[in-house]
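Observations on the three-dimensional arrangement
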Amino acid sequence: MTATTTPDRPTALVTGAGRGIGRAIVLRLAQEGYACVVVDLDADAAEKVAAEVGGRAVGLDVTDSTAVSELAVTITRLDALVNNAGIFPPAPIAEVPLEQFRAVMDVNVLGPLNLIQAFLPQLGAARGAVVNIASTAAKAPVPGTAAYSPSKAALISLTKLCAVELASTGVRFNAIGPGGVQTEGTASVSADPEREARFNALLPVGRRALPDDIADVVPFLVGPDARYVTGQVIYVDGGLTESTISFLRAAQRG
């Protein structure tokens, strides 16, 4: 990595940007005029998305601190960092291998920390913003997902800690908690039309989210209109986490 990114317009770096929510965030930020650095473990997927917006593609493992540091040397301006990369292999908590649990925590928590530490000087110079993509699973744990719920809860805690401890840098830190989202990674969840219809009927907004529903919140959080917003979590879930009674009533009806 030798090229240095010095654009004359705001720069955003998005991880896990080769598909799904990450891709939607890149497209949305590009619409807002950001030069985008498209980061994904799958370099080919990153290339395809970067080509859509005229951005820079980077194949990167966010848990590799050396590779992240090397990337940071090549980017001299960064106004927005969106930590979206995440994994969610299913497993019962009583049986999950510790190696799998560690792997999820590494990607979902240490990965964002890795990026924050490496790019803090550039973000501070730009008085920029960080958005961590968490999940409603941080608020309402999902059985059978082992480390996923704990990792997203830890990511929210990390967001809040950074907002307080790193306030003097001028960087703002916030998180978004998506609910159910239709992506390539969750296609099996909504594959049954009848089951999906029952789920959607219980959501206050009446449908599962699309990646754009999540992406549209990001420009606000990284932009000047959120200049006084830091340490917050916005749950973009169509009211899912506030619908306990609706789901309980449905369960009682059978």
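All values derive from a computational prediction rather than experimental measurement.

Calculation criteria
- Residues numbered from 1 in each chain as written.
- Predicted model: local features only at pLDDT ≥ 70, side-chain atom pairs only at ≥ 80, totals over all residues.
- Heavy atoms only, no water.
- Helix = DSSP H or I, 4+ residues; strand = E, 2+ residues; numbered from the N terminus.
- Rg over C-alpha atoms; globule rule 2.2 N^0.38 Å.
- Buried < 20%, exposed > 50% of the residue type's maximum accessible area, 1.4 Å probe, protein only.
- Contact = heavy atoms within 4.5 Å.
- Areas by Shrake-Rupley, 256 points an atom, 1.4 Å probe, with all protein chains shown as cover.
- Lys, Arg positive; Asp, Glu negative; His and termini not counted.
- Charge placed at Lys NZ, Arg CZ, Asp CG, Glu CD.
- 1 Å grid on protein atoms, 1.4 Å probe; cavity = no way out; pocket = protein on both sides within 12 Å on 5 of 7 lines; lining within 4 Å.
- Points joined across faces, edges and corners; volume = space filled by probe spheres on them.
- Nonpolar A, V, L, I, M, F, W, Y, C, P; charged D, E, K, R; others polar.
- Core = buried A, V, L, I, M, F, W, Y, C linked by side-chain atoms within 4.5 Å.
- Axes fitted to C-alpha atoms, helices over the stretch in contact; angles between N-to-C directions.
- Parallel < 35°, antiparallel > 145°, perpendicular 65-115°, else oblique.
- Left-handed = near helix turned anticlockwise from the far one by under 90°.
- UniProt positions renumbered as here; feature names shortened; annotations may be inferred.
- Pairing = 2+ DSSP bridges.
- Arc of directions from axis to C-beta.
- Polar contact = N/O pair within 3.5 Å; in protein donor to acceptor, adjacent residues only side chain to side chain.

Attention shifts here to the overall build of the protein. The number of helices and strands found in the protein is nine helices and seven strands. Radius of gyration (C-alpha) of the protein: 18 Å, near the 18 Å computed for a compact globule of 254 residues. When the 254 residues of the protein are sorted by exposure, 48% land in the buried category. Within the protein, contacts between residues at least 6 apart in sequence are counted, and of these 71% link residues at least 24 apart. Summed over all atoms, the accessible surface of the protein reaches about 12200 Å², with 55% contributed by carbon and sulfur. The distance from the centre of the 20 positive side-chain charges to the centre of the 25 negative ones in the protein is 7 Å.

What follows covers the layout of surface pockets. Each pocket or cavity is described by its volume, and for the second largest pocket that value is around 150 Å³. Listed by contribution, the elements that provide at least two residues to the lining of the second largest pocket are helix 6 (193-202) and helix 9 (244-253). If you tally residues by element for the lining of the second largest pocket, the top one is helix 6, at four residues. Its residues assigned to classes, the lining of the second largest pocket comprises four nonpolar, no polar and three charged.

Right, let's talk about the nonpolar core for a bit. Nonpolar side chains in soluble globular proteins tend to end up buried together. Within the largest apolar cluster, 32 residues are counted, with the highest numbers of intra-cluster contacts made by L13, L71, L81, F119 and F173. Secondary-structure elements contributing two or more residues to this core are strand 2 (35-40), helix 3 (65-73), helix 4 (98-126) and helix 5 (148-165). Looking at this core element by element, the count peaks at seven residues for helix 4. Leave out the neighbours within four places in its chain, and F173 touches I116, L120, V130, T159, C162, A163, L166, T230, G231 and Q232.

One way to put it is that helix 1 (residues 20-31) packs onto helix 2 (residues 43-53) with a least axis distance of 10 Å and a crossing angle of 20 degrees. In terms of orientation, helix 1 and helix 2 fall into the roughly parallel class. As for the relative orientation of helix 1 and helix 2, their crossing is right-handed in sense. Every residue of helix 2 that contacts helix 1 at R23, V26, L27 and A30 is listed here: V49, E52 and V53. Of the residues contributing to the contact of helix 1 with helix 2, the split by class is five nonpolar, no polar and two charged.

The subject of this paragraph is the UniProt feature "domain: Ketoreductase" (unreviewed entry) in the protein. Residues annotated in UniProt with the feature "domain: Ketoreductase" (unreviewed entry) correspond here to residues 10-179. In the segment residues 10-179, helix accounts for 46% and strand for 18%; the C-alpha atoms at its two ends are 29 Å apart.

Right, let's get into the sheet that holds strand 4 (residues 80-83). Read across the open sheet, the seven strands follow the order 3-2-1-4-5-6-7; overall the sheet is parallel. Lying at the two open borders of the sheet, with one neighbouring strand each, are strand 3 (56-59) and strand 7 (233-236). Recorded for the sheet is a direction-independent mean angle of 15 degrees between the axes of neighbouring strands.

In an α-helix, one turn spans 3.6 residues; hence positions three or four apart end up facing the same way. Among all positions in helix 6, only E196, F199, N200 and L202 are buried. Along the axis of helix 6, the buried residues cluster in a sector spanning 160 degrees; they form a single face. Relative to its buried face, helix 6 has exposed residues pointing more than 90 degrees away, namely P193, E194, R198 and A201. Residues of helix 6 that are buried make contact with helix 9. Of the residues that open helix 6, the one with a side-chain oxygen 3.0 Å from the backbone nitrogen of E194 is D192.

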